[in-house]
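Residue-level structural notes
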Amino acid sequence: MAGEVKLHESWRAPLAEEFAAPYMAALKQFLVGERAKGKRIFPAGNEWFRALDLTPLDKVRVVILGQDPYHGLGQAHGLCFSVRPGVPPPPSLVNIYKELRTDLGIERPAHGFLEHWAKQGVLLLNSVLTVEMGLAASHRDRGWERFTDAIIRLVNARQEPVVFMLWGSYAQKKAAFVDSTDKAGRHLVLKAPHPSPLSAHSGFFGCRHFSRANSFLQNQGIDPIDWALPA
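For the structure given in this document, a descriptive report is provided here.

Parameters and conventions
- Throughout, residues of each chain are indexed from 1 in the direction in which the sequence is written.
- In view of the model being predicted, local features appear only for residues whose pLDDT reaches at least 70, and side-chain atom pairs are presented and counted only at 80 or more, with totals across whole chains, interfaces and linings using the full set of residues.
- With hydrogens and water excluded, all non-hydrogen atoms of the structure serve as input to the side-chain values.
- Ring geometry is summarised as follows: Phe, Tyr and Trp rings, the Trp one being its six-membered ring, pair when their centres sit within 6.5 Å, and such pairs are stacked at plane angles under 30 degrees, edge-to-face over 60 and tilted between the two.
- Secondary structure elements are taken from DSSP: a helix is a run of H or I of four residues or more, a strand is a run of E of two residues or more, and numbering for both begins at the N terminus.
- Whether a charge sits over a ring depends on NZ of Lys or CZ of Arg being within 6 Å of the ring centre and within 35 degrees of the ring normal.
- Two strands qualify as a pair provided DSSP detects at least 2 bridges between them.
- Lines fitted to the C-alpha atoms define the axes, with helices restricted to the stretch that makes contact. Angles between their N-to-C directions range from 0 to 180 degrees.
- We count a salt bridge whenever a side-chain nitrogen from Lys or Arg sits within 4 Å of a carboxyl oxygen from Asp or Glu.
- Three labels apply to residues, based on accessible area from a 1.4 Å probe with only protein chains included: buried if under 20% of the type maximum, exposed if over 50%, partly exposed otherwise in between.
- Take the residue count of a helix, subtract one, and multiply by 1.5 Å to get its expected span.
- Comment: arc refers to directions from the helix axis out to C-beta atoms.
- We call two residues contacting when some pair of their heavy atoms lies within 4.5 Å.
- Side-chain atoms within 4.5 Å are what join buried Ala, Val, Leu, Ile, Met, Phe, Trp, Tyr and Cys residues into a set we call a nonpolar core.

1. Here we look at the packing of aromatic side chains
The tally for this structure, following the rule as stated, stands at 13 aromatic pairs. Ring geometry for F49 and W144: centres 5.8 Å apart, planes at 70°, overall edge-to-face. A residue pair is termed long-range when its members are at least 10 positions apart, and F49 in the loop between β1 (41-42) and α4 (50-54) and W144 in helix α7 (residues 144-157) qualify at 95 residues. Joined through ring pairs, the aromatic side chains of F81, W117, W167, F204, F205, F210 and W227 make up one cluster. Over the ring of Y170 we find R140, and its NZ or CZ is 5.5 Å from the ring centre.

In structure tokens, the structure reads:
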């Protein structure tokens, strides 16, 4: 699978054992079989590892964890919460923009394309990297979770401090092992409810994760993230 997709070289050697593991072979077989049945899988195959392609391992400054790719036509392109230019921002992303405005005074952009963040070192990682069109969570428990756990472990093992933004109980459980400052570790772990309309008013709004992340990075001598998205 590693030879068929695009990802930055910094991830290839550290993830080589994962790509060679039997569970990844089984995952590939599953995906090939689903395509053979005529099922539409999102995102496109060359974008499954887009987050790893845009954000090298040694450049990660912030990690934002999502669950599954968007399952609507033309939405998913390999970065959690992000959609392609021209696609209306989904509700959770709209709420992220609302918090950005409250926190940092950044006006909502007219698009939902977050590559500007990824290119600065914000790893926009979904737990599951593929989905069948129209069927949310259809590729869960097929092996992707084990692979993305390995990615989080690699980031956690870095000596440079990283900010983990964990929105919702799913993300918080997945990254529970991170070596966080509240456990005398080096990484800052920020927790809040998910930005979904169902839970955003329970504490996502007002969490100020964006300013808190930048303050932490600057205190560590690391450049902050420019959260304002270009038009």
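Past the structure itself, the notes keep going.
2. A word on the sheet that holds strand β6 (residues 188-192)
Read from one edge to the other, the open sheet built from 4 strands follows the order β3-β2-β5-β6, with strand pairing classed as parallel. Here the strands that pair on one side only, and so sit at the sheet edges, are β3 (122-126) and β6. Neighbour-to-neighbour, the strand axes of the sheet open up by a mean angle of 20°, direction not taken into account. In this structure, strand β5 (residues 163-167) lies alongside β6, joined through 5 bridges in parallel fashion.

3. With respect to the pattern of salt bridges
All chains considered together, the criterion is met by 14 salt bridges. Between D68 and R140 there is a salt bridge, with its nearest N and O atoms 2.5 Å apart. Taken as a pair, D68 in the loop between β2 (62-66) and α5 (91-104) and R140 in the loop between β4 (131-132) and α7 lie far apart in primary sequence, 72 residues in all. Among the residues examined, D68 registers a relative accessible area of 16% and is labelled buried. Judged by relative accessible area, R140 falls into the partly exposed class, the value being 29%. For the salt bridge of R186 with D179, the shortest nitrogen-to-oxygen distance reads 2.8 Å. Using a relative accessible area of 26% as the deciding quantity, one classes D179 as partly exposed. Salt bridges sharing common partners tie together E34, K37, K39 and E132.

4. What to know about unusual backbone geometry
Residue F42 is joined to P43 through a cis peptide bond whose omega torsion reads -10°. Within the fold, P43 resides in the loop between β1 and α4. Not every positive phi belongs to a glycine, and F81 is a case in point at roughly 70°. Of note, F81 is situated in the loop between β2 and α5. Of note, A137 is a non-glycine position whose phi angle comes to about 65°, a positive value. When you line up the elements, A137 lands in the loop between β4 and α7.

5. Examining helix α3 (residues 22-36)
Counted at 1.5 Å a residue, the expected span for α3 with its 15 residues is 21 Å, and the 21 Å between its end C-alpha atoms agrees. What α3 keeps buried is the set Y23, M24, L27, F30, L31 and E34. For α3, the buried positions fall inside an angular range of 115° around the axis, keeping them on one side. Residues of α3 that are exposed and point more than 90 degrees away from the buried face comprise P22, Q29 and A36. Contact partners of the buried residues in α3: α2 (16-20), β1, β4 and α7.

6. Here we look at the nonpolar core
Counting 74 residues, the largest nonpolar core has W11, I64, W117, L123, W144, F147 and W227 as the members making the most contacts within it. Counting residues per element, this core draws most heavily on α7, which supplies 6 residues.

7. Focus on the side chain of E115
Here E115 shows up in helix α6 (residues 115-118). Those residues in contact with E115 that sit more than four places away from it in its chain are R50, L54, H77 and L79.

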